[in-house]
Amino acid sequence: MRFLSVLLATLAAAKSHNSILTVLILTISTFVTAAADCSSNFCESVLKDGFLTLRYKLNEPDDTITMEVTYEGDAWVGLAFSDASESMAGSIAVMASSEVSPQKYQLIAPTFPVESAFELMSPEEQTLVDASCELIDGQTVLKFTTQLLADETPFAISLGENHLLWAYGRSPTIGYHSNRSPFTLNLAKAIDDKDVETLGTVIPTASPADGEMKVGDDICITGYIMDSYCIDLGHFLDNDDTVTLREPEEHSFHCLLDVPVCYNSGFNVLGEKDAQTGLHCLGYRIDDTEGVLAAGRAAGSNVQSDTHYTCDTCSGGASDAVAGYRATVKGTVKEMGDGTKSVTGQPLLSNIQMLDASVVCESPAPQTVCLSMDDVEQAAAQVPVSEPEPVEETEPVEETEEPEPERCSLDFCVELSVSYLLAYTVNGDGTITMELTYDGNGWVGIGFSENGMMVGSDAVIGSTDVGIPQKYRMTALSVDTDTAIQLMSPEEQTLTDATVEFKDGQTVMKFTKIMKEPNQIEISMGKNNMLGAYGARPTIGLHARKMNFSINLSSGAAEEKAIPFMSAWLAHGIIAFIAWGVLVPTAVQSAIMRSLFKGPTWFKLHQNINATAMALTVVVFAIGVAVTSKEGAVHFENSHERMGLAMFIIAILQVLDGAKRPHAPGSGEEKTLSRKAWEFGHRLGGVALLACGFWQMDSGIKLYAIKFNGAGSSQENSVILGYWVWIGFVVAMLVIGGVYFRLLRSEMKSVDQNDDGSKEEQVGRTARTSGEVDEEADA
């Protein structure tokens, strides 16, 4: 490796003096030792745990590098070479799939359509060697060899720090990425054996003798960074449906780095996943909270995501990760832990170095404790219980009540969600003081409702962008803020001591409000219906989460209420799936496979199934319109609603068009022009409706998840996966059936044409034609 390092450095220096051959001879004569590690064996780097792995090898004789990218699945994969900005635009990428051969592309910009985002490089620039991409045992494996310090490209792969980007898609067709991220690859190695630096991102460290770990040992481990609070809790603070040790890749940077209760609990680097339990081992504690915060916030994205809460303290851009912070941690064992099967029982590392996850440790760190689900649940049941100190019986003990949690600053507290707290005090002068605390930097609000509905309620909303909390009327369910809320008049702005500030990672809004005011919803000493909501950013807009609850001010009791119309929207979705996910494809299949039926049976099936689907579509449309009206929302505002309206109208026209179809020709007659035109239009309309139906149902699942606080949850992901598996099966059956029966009819037609024209066969064909007089209706 020393040979290659000096060789390439000398080549770069001599490049402009046309003395490369001379330099080669001199350099080769200087070194006789063969290169080690990444020049004799493949080095490996995990780019996305459980999904993407990079292996690479430096080839000394011809100054090339061989790279191999493995993706767990059948999809396109890509590796791009960028400059220090790690920007996609201007980078050079190698992309391929099991259907597309590896080629070099110029990346232009992250834009739609995808065809505008990249451009295939010219044939002269396609210099990859031994390039292939295969699907092997369910894995997509891209392999190629390219030149180091290549002149024909604006980037240079060198023995130093290289800036790259990885990406993969959802299918073998190259298109918009499913996931991507930048990373650095350091191909340097120290020449002096005593000066240990990086070798192809491999860090040599001292391994404990015979696997026994002791204080003072140097440890290097690559894993997910996790806060102790979420480990002890058993699930993520911002997503209680996800088991912490099972899916650390789903842990948002927001939860890890924005929320004080999380980062103040201390950080850990998790071990590998235990194959028997499916849970990651506990790993090592990190004795450098500030170092982890600095490294994590630099690596995370602060751009709003559709899947996770936004990390407000992160400084990364749209291409950076929003969840699953993975890093290589190097440190020295400071203490061994207390010996328990918990976070505190794990070794504590000091002298911490936080490195990119692409840096691979030369020696694996000794494995620490791996928990079972029983262990996790047992630990979670103990959060946040603490036992009192034992006291001597001879000493007088003053009995004291358990103190209120520090978060509760007023008389009563209601935890609206794991990251949203309401505290309140009823004052003796007919006013109520309220304080809302959100673990993050966003807008916060509380609404007062007569019936638990948003529309028609009054609200107090505050954000650091606006400056002071103000009173609003909730006028409509709409993504347009100006339509959804209306600022009350200056005369109605009667809040006192109203403040909102972002401090210590929390947004805190506090105000005092008159409980009974003219033309406003009264806050009574009995039971009150209230609404809570917060946004992921300070700009007032669509909520990140909302909740319905009631508070009895006379007793201090509070209870969560179900968000209205959840059952109605669920019925809307289920009936739509039956109509467009089951019945309509079945009707189309009956037309495709009509050769299996005698006479007009297929047509009756086609007609009756479509009629049933149309009736259910009317029900679905009616539910949508009625519930939207009851919610006070704006009709046909988003793309799902507009698509539903368009499909409803086109479906009615399709049914009427089928009823008014031109007559099919009799035996031996030619089709009329109007019949041909009708067949084409009817088939086109059917295919378009079916495709729109598939998209519409996927859109509906996502809207339901957003509406009822399930966005990004494992339940939503499971439903979407199951849905598309079913749709894939349906489409496959339609395609296979269409191809098979088209070939079958072609064969039957060929037999008829070559027949001797016997009278019996002629009669049979006439009977068949008359029995299927309408079979062309929906082929």
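Residues numbered from 1 in each chain as written. Predicted model: local features only at pLDDT ≥ 70, side-chain atom pairs only at ≥ 80, totals over all residues. Heavy atoms only, no water.

In spatial order, the strands read 7-6-5-4-10-11; together these six strands make up an open sheet with antiparallel pairing. Looking at strand neighbours, the two that pair on one side only are strand 7 (118-120) and strand 11 (179-186), the edges of this open sheet. Between one strand axis and the next, the sheet turns through 30° on average, direction left out of account. Examined bridge by bridge, strand 5 (residues 92-96) and strand 6 (residues 103-107) share four bridges and lie antiparallel to one another. (Pairing = 2+ DSSP bridges. Helix = DSSP H or I, 4+ residues; strand = E, 2+ residues; numbered from the N terminus. Axes fitted to C-alpha atoms, helices over the stretch in contact; angles between N-to-C directions.)

The residue R297 is located in helix 6 (residues 289-299) in this model. Taking C-alpha positions, R297 is 8.2 Å from C311, a pair spaced 14 residues apart along the chain. Those residues in contact with R297 that lie beyond four places of it in its chain are L257, Y263, T313, C314, S315 and G316. A polar atom in the side chain of R297 sits 2.7 Å from the backbone oxygen of L257. (Contact = heavy atoms within 4.5 Å. Polar contact = N/O pair within 3.5 Å; in protein donor to acceptor, adjacent residues only side chain to side chain.)

With that settled, the discussion passes to the state of the cysteines. A full pass over the atoms with the stated rule returns three disulfides. Covalent S-S linkage joins C281 and C370, the inter-sulfur distance amounting to 1.8 Å. Between C281 and C370, the S-S torsion sits near 75°, and that sign places the bridge as right-handed. Placement of the pair is C281 in the loop between strand 16 (267-269) and strand 17 (284-286) and C370 in the loop between strand 20 (360-361) and helix 7 (373-380), with a sequence separation of 89 residues. Residue C281 is classed as buried on the basis of its relative accessible area, which comes to 4%. For C370, a relative accessible area of 21% corresponds to the partly exposed category. Each disulfide pairs two cysteine sulfurs, and for C311 the partner residue is C314, the sulfurs being separated by 2.1 Å. Linking C311 and C314, the disulfide has an S-S dihedral of approximately 80° and is accordingly described as right-handed. You can call C314 buried: its relative accessible area is 5%. Left without a disulfide partner, C255 is nearest to the cysteine sulfur of C230, which lies 3.7 Å away. (Disulfide = S-S within 2.5 Å. Buried < 20%, exposed > 50% of the residue type's maximum accessible area, 1.4 Å probe, protein only.)

Okay, a nonpolar patch on the surface next. Taken together, the side chains of I649, I652, L653 and L656 present a nonpolar region at the surface, about 350 Å² in accessible area. Along the chain, the position of I649 falls in helix 11 (residues 639-659). Look at I649 and you get partly exposed, because its relative accessible area is 44%. (Patch = residues over 30% accessible without salt bridge, like charges linked within 9 Å, V, L, I, M, F, W, Y side chains within 5 Å. Areas by Shrake-Rupley, 256 points an atom, 1.4 Å probe, with all protein chains shown as cover. Salt bridge = Lys/Arg side-chain N within 4 Å of Asp/Glu carboxyl O.)

The next subject is the packing of aromatic side chains. Tallied over the entire structure, the rule returns 15 aromatic pairs. Arranged with centres 5.4 Å apart and planes meeting at 85°, the rings of Y105 and F118 form a pair that is edge-to-face. Taken together, the positions of Y105 in strand 6 and F118 in strand 7 put the pair 13 residues apart, joining distant regions of the chain. Owing to a relative accessible area of 7%, Y105 belongs among the buried residues under this scheme. (Phe/Tyr/Trp six-rings, centres within 6.5 Å; stacked < 30°, edge-to-face > 60°.)

Moving on, we come to unusual backbone geometry. Even without being glycine, D130 reaches a positive phi, approximately 50°. Along the chain, D130 turns up in strand 8 (residues 129-136). With a phi close to 50°, D497 is a non-glycine residue in the positive phi region. Note on placement: D497 falls in strand 28 (residues 496-503).

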